[in-house]
Amino acid sequence: MGQLDGKVAIVTGSGRGIGREVALRLARDGAAVVVNDLDEAPAKETIALIEQIGGRAVACNGDVTAKDFGERIVGVATKQLGGLHVIVNNVIQKMSDEQWYAIMDVHVTAPFRILRAFAPYLREQFEAESKRGERIVRKVVQISSTSGVRGNAGQVNYSSAKAAVTGMTRTLAKEWGRYAVTVNCVAFGYIQTRLTKPLAEGEAGTIEVAGRQVKVGVQGARIAGMNQMIPLGRGGLPAEAAGAIYLFCSPDSDFVSGQTLVVTGGA
């Protein structure tokens, strides 16, 4: 018996990296998972991995910034998997230098729309459960960054967006506590993903996202400098990042809400 048996979770950005590890961790503990990615292939890979461990998962792919995406992914969870108990708003940690509103759309507007779509279902379920004398704790986990908690020179748009996520977290924790919902946030420092892979001197790394090339990677000398500033001596692994998120998804955190956990290896 897993701690999340019978629960349904949404994990955005779960085709790769941290999001995939979160989806697998939730599935190992019994949750059925709605997997999301911009592209179909990585989402299928995550679903196959979940099914290999005996879990259940379905896909809701596409751009999280689409205006109807929140309603669509909540509908997939409630109609195809029969409920919704955990939402992990995981979006890409770093982006190329795009316009202010593009950053805000991905990191603030998209999570807001998913949570707005969740609200009517949440209230309806809470009322029905209360009449039956049941108390089911639901979970929302937002993903921020140390850039949003401490600021980061050269990233005023990204830092502002991630700071907004922590504000959204604290406010929703106060508003949704009456519905037995905990709302928390995890702010990551350096995590080793394809977006922060080491680059050789002069190398320019790119990945394809939704048909366009996005710059990724960090120069090796800079990574060495970051590692020296981390007491544990290295950047975190995606599975370790998923463990921090899982803490807020599990019953062990049923009385923890409105908090931002900074995950930096002690930096």
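Residues numbered from 1 in each chain as written. Predicted model: local features only at pLDDT ≥ 70, side-chain atom pairs only at ≥ 80, totals over all residues. Heavy atoms only, no water.

1. Notes on the sheet that holds strand β5 (residues 138-145)
- Taken in spatial order, the seven strands make up an open sheet running β3-β2-β1-β4-β5-β6-β11, and their pairing is parallel. Each edge of the open sheet carries a strand with a single partner, namely β3 (57-59) and β11 (260-263). Adjacent strand axes in the sheet meet at a mean angle of 15°, parallel and antiparallel pairs treated alike.
- By the bridge criterion, three bridges tie strand β2 (residues 32-35) to β3 in an arrangement that is parallel. Directly across from V33, in β3, lies its bridge partner A57.
- Running at roughly 175° to strand β1 (residues 8-11), helix α1 (residues 17-28) makes contact with β1, β2, β4 (86-89) and β6 (181-188) of the sheet. (Pairing = 2+ DSSP bridges. Helix = DSSP H or I, 4+ residues; strand = E, 2+ residues; numbered from the N terminus. Axes fitted to C-alpha atoms, helices over the stretch in contact; angles between N-to-C directions. Contact = heavy atoms within 4.5 Å.)

2. Focus on unusual backbone geometry
- Here A180, not a glycine, exhibits a phi torsion of approximately 60°, which is positive.
- Looking at the element boundaries, A180 is found in the loop between α6 (156-176) and β6.
- A residue is classified by how much of its surface remains accessible, and A180, at 4% relative accessible area, is buried. (Buried < 20%, exposed > 50% of the residue type's maximum accessible area, 1.4 Å probe, protein only.)

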